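# Overview (structure and organization)
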Amino acid sequence: MTAPSANQDFPPPKILTHPSTSPPTLITQGAEGRLYKTTHLLPTLPCALKYRPPKPYRHPALDARLTRARISAEAKVLERCWREGVPVPAVYAMDAARGWLAMEWIEGVPVRVGINNFLGEGEETQTKGEGELVDLMKRIGEAVGKLHRTGVVHGDLTTSNMMLRPRSGTQVNGESEATGRDDRVKVLEGEVVLIDFGLATQSMSDEDRAVDLYVLERAFASTHPRAERLFGAILDEYKTTFKKAPSVLAKLEDVRMRGRKRSMLG
Amino acid sequence: MTLEKIQLEHVPSNIHIYATLFRDVSNADFLHSQLLARNPDFEYAFVDASSVISRFHLLSAVYAAVNALVTGTLRTPNVHSEIVVSLNTNNNIADAYRRWGITPGKTKDLIVVKVVVAPEVSSTETTSSPTKDKPTTQEQQQQQQQPEDEQQSIWTHLTTHVKGTPSELSDANLAPLTDWPKVRKYYRLNAVPALAGCKDDEEKRRQEERLAVMGMALKGL
Ligand SMILES: Nc1ncnc2c1ncn2[C@@H]1O[C@H](COP(=O)(O)OP(=O)(O)O)[C@@H](O)[C@H]1O
Ligand SMILES: [Mg+2]
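Conventions we followed
- Residues numbered from 1 in each chain as written.
- Chains lettered and ligands numbered in written order.
- Predicted model: local features only at pLDDT ≥ 70, side-chain atom pairs only at ≥ 80, totals over all residues.
- Heavy atoms only, no water.
- Domains from an automatic or database assignment.
- Contact = heavy atoms within 4.5 Å.
- Buried area = accessible area lost by both parts, 1.4 Å probe.
- Salt bridge = Lys/Arg side-chain N within 4 Å of Asp/Glu carboxyl O.
- Helix = DSSP H or I, 4+ residues; strand = E, 2+ residues; numbered from the N terminus.
- Nonpolar A, V, L, I, M, F, W, Y, C, P; charged D, E, K, R; others polar.
- Donors = N, O, S within 2.8 Å, 3.2 Å for Na, K, Ca; no water.
- Buried < 20%, exposed > 50% of the residue type's maximum accessible area, 1.4 Å probe, protein only.
- Core = buried A, V, L, I, M, F, W, Y, C linked by side-chain atoms within 4.5 Å.
- Polar contact = N/O pair within 3.5 Å; in protein donor to acceptor, adjacent residues only side chain to side chain.
- Pairing = 2+ DSSP bridges.

A word on the domain arrangement of chain A. Residue and element names in this part refer to chain A. Here chain A is partitioned into domain 1 (14-104) and domain 2 (109-257). Averaged C-alpha coordinates put domain 1 and domain 2 at centres separated by 25 Å. The interface of domain 1 with domain 2 comprises 15 residues on the first partner and 17 residues on the second. Between domain 1 and domain 2, a total of about 1,300 Å² is buried, with carbon and sulfur atoms accounting for 60% of that surface. Interface area lost by domain 1 to domain 2 is led by Val 77, Arg 80 and Pro 87, which between them contribute 42%. Inspection of the domain 1/domain 2 interface yields two salt bridges. Between Asp 196 and Lys 50 there is a salt bridge, with its nearest N and O atoms 3.0 Å apart. Sort the elements by how many residues they give to the side of domain 1 that touches domain 2 and helix 2 (residues 60-83) lands first, with six residues. Looking at the side of domain 1 that touches domain 2, its residues break down into seven nonpolar, one polar and seven charged.

Structural data, given as C-alpha cells:
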C-alpha cells in the first residue's frame, strides 16, 4: 500500500490534524507548497489552505524565515488587492511561522478548464460561441488591468491561476436564460478571480507589468493554441481598464523581441 | 441558558469554547475591576459588543487566540487576553483593551468568551493500551469534569456576577449593537475602493466584515 508512506512523506500541517466536520482534501502538491480544501471556523465555510512545508535540505532557521516571509507576502498582496477591488480570494487567517494561509474558497473551475471544456476535443477551430470566448478574454484583461493598476504584478499569470466563479444567482437566472442558449457556452460564464500570489510582488514598473503580460501570452498560446488568435481581446480590455496600459504594451513589444531572440539562440 | 458551547473547525477536542452575550450590563465597573485585580475566578474574555461586527468576526479572533495557545505563541498572558488582542490590527495590547475590552462607565453590551483547556486524552495512549477497560483510565475519566457540569458552572458564575440580560450570541442580536463609525475607524474601512461600488447594504456589511478579519489576520504587515 502506498497511502501510509505517502502520508509519511507528506504529513499535513499540524493545524489540519485537529478535528473538523469533513476531512481536508489535498487539491495540489506543487514544488513550493500544497493546497488543501478544508473548512474554516464553521462546517459551512469552505476554505483554501495553502501550506509551505519545511524544506529538510535548508538550514532550519533560514527555512523558517523564508517560509514566514513568503506566506506573509502572499497574504499581504491578497489583502491589498482585495481592498482595491481586484477580484481575489479574501484572507481568513494565517500562521506565517507555521507556514499556512487560509483563504476564501473560490467556487468554479480554473479558467484553463473552462476554456478547454468549451473548445472540446474537436480539431477544427470553433467559431460558434466565439463571442462568449472573446467576452471571457475581456474579463481576464479587466482583472489583470485592475491588478496592475493596484501596483501588483502577479509573477505567474496562467489560465490555471485564475478561477471562473459562477455568479451568485446563476441557478435562478440561468434556467430561464438557458432555454434559448447553447449549453456549450455556459462553461465560459462567471467572474474571473485571480489566485496563486506566491510569486507576486509590488511593482509599478512597465517592464515588470509587460513581463507579466508576456508570461500570460506564452502560457495562453501553449495551453490554448486554438484560441491564441483571440489573445488580443485580453490586451484590448487591459487597455480600457488601466490608464497606463499604452506604455506597458509598448514595453511588451520589447519583451516579446527579447523572448524571440532568446528562443533563437537557445 | 444562553451560554453555548462552540465547536470550531480545526481546534483540538480538549479545548472547550463557551460564549454568550449580556445586554444592558449595569456592573461593567465591577467586572473591569476584577480583571485589573487578576482575580482568577474571572478568567474570561470580556468584549464590548459595540466593537464587534458579527459572530464570524468574533470567532475569527477566538480562533486566532486558540491557535496561539495551541502552538505556544501567545503574545499576551493568557488565551482570554489573546482574544481581545486578536481583534486588533496590530499587537498593541493597551490599545486593544481600550477598543475591544470592557470600558468602565461605557460598556453596555458585553460578549463573554471562556476557553477551558481540559486534560488531553492522548490518542496514542488510548489505542496502545493493551486492555480495553483499564481501571486507571476510568478513574481519570471520572475525575475529569463532565462537559455539562463545566458549562453549568460557568453559566452559574456568570449569571451571579454579570448584571445584565443574557442573550444568544447570534448575528441578529449582535448587528444592532455595532457602533459602525467606531468599527470603521478601527479597521480603516472608510474610503476603501472595493466598497465604493457596493449598492446593497447587506453585501457591504459582509465585505466590511471580511476586511476587518483580513486586517486582524495580517496584523499590520
Ligand atoms: N482560493 C482558492 N479557491 C479555490 N481553489 C483554489 C484556490 N486557490 C487555489 N486553488 C486551486 O488549487 C490549485 C493550486 O493553487 P495555487 O495557489 O495555484 O498553488 P500552486 O503554487 O501550487 O500553483 C489552483 O490551480 C486551483 O485549482
Ligand atoms: Mg498555481
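Read on for the rest.
So, about the coordination of the magnesium ion (ligand 2). All names here are of chain A. Those donors, Asn 161 (OD1) and Asp 196 (OD), are the protein atoms that reach the magnesium ion (ligand 2), and they lie 2.2 Å from it. Taken together, the residues Asn 161 in the loop between strand 7 (152-153) and strand 8 (162-165) and Asp 196 in the loop between strand 9 (191-194) and strand 10 (201-202) connect sequence positions 35 residues apart. Residue Asp 196 is classed as partly exposed on the basis of its relative accessible area, which comes to 28%.

Here we come to the nonpolar core. Counting residues in hydrophobic clusters, the biggest one holds 116 residues, and the most contacted among them are Phe197(A), Ile111(B) and Val113(B). Ranked by the residues each element gives to this core, the list is headed by helix 2 (residues 55-70) of chain B, at eight residues. Each of domain 1 (14-104) and domain 2 (109-257) of chain A accounts for three or more of the residues forming this core. Setting aside residues no more than four positions away along its own chain, Phe197(A) makes contact with Glu74(A), Val77(A), Leu78(A), Cys81(A), Val88(A), Leu147(A), Val152(A) and His154(A). By size, the runner-up hydrophobic cluster in this structure holds 17 residues, among which are Phe22(B), Val25(B), Leu31(B) and Val116(B).

Our focus in this paragraph is the interface of chain B and chain A. Opposite the 28 residues of chain B that make contact, chain A presents 32 residues. With both sides pooled, the region where chain B packs onto chain A buries about 2,700 Å², and carbon together with sulfur makes up 65% of that total. It is Glu9(B), His10(B) and Met214(B) that lose the most area in chain B upon contact with chain A, and together they represent 29% of the buried surface on that side. Viewed at the interface, chain A and chain B are joined by one salt bridge. Notably, a salt bridge pairs Glu104(A) with Arg210(B), separated by 3.0 Å at the nearest N-O pair. Viewed at the interface, chain A and chain B are joined by 12 residue pairs in polar contact (both at pLDDT 80 or more). Counting only elements with at least two residues in the side of chain B that touches chain A, the list comes to helix 2, helix 10 (193-196) and helix 11 (201-218) of chain B. Among the elements that make up the side of chain B that touches chain A, the one with the highest residue count is helix 11 of chain B (seven residues).

All names here are of chain A. The strand order across the open sheet built from three strands is 6-8-9, with neighbouring strands paired in antiparallel fashion. Two strands close off the open sheet at either side, each with one partner strand: strand 6 (109-110) and strand 9. Note that strand 8 and strand 9 share four bridges and pair antiparallel. From the neighbouring strand, Met 163 faces strand 9, where its bridge partner is Val 193.

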